[in-house]
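Chain residues, written in single-letter form:
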Amino acid sequence: MAGSAVLSALDRVSPGIDYRAPRWLPGGNAQTIWAALAARRHFGAPPSWQRSRWTTPDGDFIDVDEARHPSDAKAPLLVLFHGLEGSSASHYAMAFADFAAAQGLAFAVPHFRGCSGELNHAPRAYHSGDFHEIDWVLRRFAAEHAGRPLIAVGVSLGGNALLRWAGEMGATAADTVRAVAAVCSPLDLAAGGHAIGRGFNRLVYTRMFLSTMVPKALRKLDQHPGLFDREALLAARDLYAFDNLFTAPLHGFRDTDDYWARASAKPVLGGIRVPALALNALNDPFVPAASLPTDREVSASVTLWQPAQGGHVGFPTASDGVLGWPVHVRTMPEAVGQWLLARA
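Keep in mind the model is a prediction, meaning the values are calculated, not measured.

Let's shift gears to the sheet that holds strand β1 (residues 49-55). Strands belonging to one sheet form pairs held by backbone hydrogen bonds; the direction of such a pair is parallel or antiparallel. The strand order β1-β2-β4-β3-β5-β6-β7-β8 describes an open sheet built from eight strands, whose pairing is mixed. Two strands in the sheet have a free side with no partner beyond their single neighbour: β1 and β8 (302-305). Averaged over neighbouring strand pairs, the angle between their axes works out to 20° when direction is ignored. Relative to strand β5 (residues 150-155), strand β3 (residues 77-81) runs parallel, the two being bridged by five bridges. Note on β5: the bridge partner recorded for Leu-77 is Leu-150. Packing against the sheet, helix α5 (residues 157-169) makes contact with β3, β5, β6 (179-183) and β7 (276-279), and its axis sits at approximately 130° to β5.

Moving on, we come to the packing of aromatic side chains. In total, this model carries 14 aromatic pairs according to the counting rule given. Seen in terms of ring centroids, Phe-209 and Phe-286 are 6.2 Å apart; in terms of plane orientation they differ by 70°. Their pairing is edge-to-face. Residue Phe-209 is located in helix α7 (residues 199-223), and its partner Phe-286 is located in the loop between β7 and β8; the two are separated by 77 residues in the primary sequence. Just as Phe-209 is buried, Phe-286 falls in that class too. Three or more aromatic residues joined by ring pairs make a cluster, and in this case those are Phe-200, Tyr-205, Phe-209 and Phe-286. Its end group placed over the ring of Phe-61, Arg-53 keeps NZ or CZ at 3.9 Å from the ring centre.

Turning our eyes to something else, we now look at the pattern of salt bridges. Scanning all chains against the criterion turns up 18 salt bridges. For Arg-139, the salt bridge goes to Asp-135, with nearest N and O atoms at 2.9 Å. Remark: Asp-135 and Arg-139 occur in helix α4 (residues 131-144); sequence separation between them is four residues, near one turn of the helix. A relative accessible area of 16% places Asp-135 in the buried class. The partner of Lys-266 in a salt bridge is Glu-297, and the shortest N-O contact between them spans 3.9 Å. Of the two residues, Lys-266 sits in the loop between α10 (256-263) and β7 while Glu-297 sits in the loop between β7 and β8, which places them 31 residues apart along the sequence. Salt bridges sharing partners connect three or more residues here, namely Asp-58, Asp-60, Arg-113 and Glu-133.

This brings us to the environment of Pro-249. Relative to the helices and strands, Pro-249 is located in helix α9 (residues 239-250). For the pair Pro-249 and Tyr-259, spaced ten residues apart in the sequence, the C-alpha separation amounts to 8.9 Å. Ignoring anything within four residues of it in the chain, the contact list for Pro-249 reads Asp-243 and Asn-244.

A grouping of Phe-200, Leu-203 and Val-204 is seen on the molecular surface, where their side chains present a nonpolar patch of about 260 Å² in accessible area. Turning to its location among the elements, Leu-203 is positioned in helix α7.

If you check α5, its first and last C-alpha atoms are 18 Å apart, about what 13 residues at 1.5 Å a residue would give, namely 18 Å. Of all 13 residues in α5, eleven are buried, a share of seventy percent or more. If you check which residues of α5 are buried, you get Leu-157, Gly-158, Gly-159, Asn-160, Ala-161, Leu-162, Leu-163, Arg-164, Trp-165, Ala-166 and Gly-167. Once α5 ends, the next one or two residues include Gly-170, with phi positive near 60°.

Cut-offs and rules
Residues numbered from 1 in each chain as written. Predicted model: local features only at pLDDT ≥ 70, side-chain atom pairs only at ≥ 80, totals over all residues. Heavy atoms only, no water. Pairing = 2+ DSSP bridges. Helix = DSSP H or I, 4+ residues; strand = E, 2+ residues; numbered from the N terminus. Axes fitted to C-alpha atoms, helices over the stretch in contact; angles between N-to-C directions. Contact = heavy atoms within 4.5 Å. Phe/Tyr/Trp six-rings, centres within 6.5 Å; stacked < 30°, edge-to-face > 60°. Buried < 20%, exposed > 50% of the residue type's maximum accessible area, 1.4 Å probe, protein only. Lys NZ or Arg CZ within 6 Å of the ring centre and 35° of its normal. Salt bridge = Lys/Arg side-chain N within 4 Å of Asp/Glu carboxyl O. Patch = residues over 30% accessible without salt bridge, like charges linked within 9 Å, V, L, I, M, F, W, Y side chains within 5 Å. Areas by Shrake-Rupley, 256 points an atom, 1.4 Å probe, with all protein chains shown as cover. Expected span 1.5 Å × (residues − 1).

Written out as structure tokens, the structure reads:
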């Protein structure tokens, strides 16, 4: 897929990208679920990874997957921060890897603690506002790839953490990266947290996330006895309760409300001084449209793309038109990636 062709169709900064979903995938839930489960992730060969383990400043570790495809020594490095319970195997990570391979970019996926298939050692795990971890990871990438411009994209949780970092760093962020992007990120964590805890979202998405988060938390309790109340965690039926028992206290927050308020990126978007893109579909089941930032709430460095459709990290596209088949998820990585490259 040619980058210029995609941008001519999608690059609508105001009010947003002109995305069109296949007509047989109406609504945010269909676009979210089909993209994650059934859509084509790559046009070329599946990504192949080289894994390395980095020791964190506090003596723990994260695992970093770097794509094996060839790239010029001075080509940009694109770093992707995954979403809640994501990894380099997530559909969006594979699609961004395919974009990077097609463009000759270096590409890497640093896993948040506990998301690479092996439980990390420390009591802490990861959270939506983990900008200190983002800072350490980006600075290490910049040092190890000094000859490459560094660009970064965060998806969902990872995008909130990335924009939180950009807002906290202000003008100094440009010392590390050329540009950043957040895709379908709940920039107002309270709004997103309450939305995913209601109705269909609670029945499907909340259960899906808790099905991996609760077992990992219990393994963490085996590592560190007394860390939290086991029976209370087993009784948790939504992310609010889980965060109240696990995420918030383990990462220095008073409770879920304190965590969601202090970790949200939305309050610091006005402080961003590096080129930043925030892409959010208005029909995202997890992120209420009313909670999205407006132009008045962001700095001049921030571009808002808010298309009517796309779902949550979906944006499925019919290969031969809106009625066609098969469906792929390369449109969004192409558009976001080209936006980042234009600023690299």
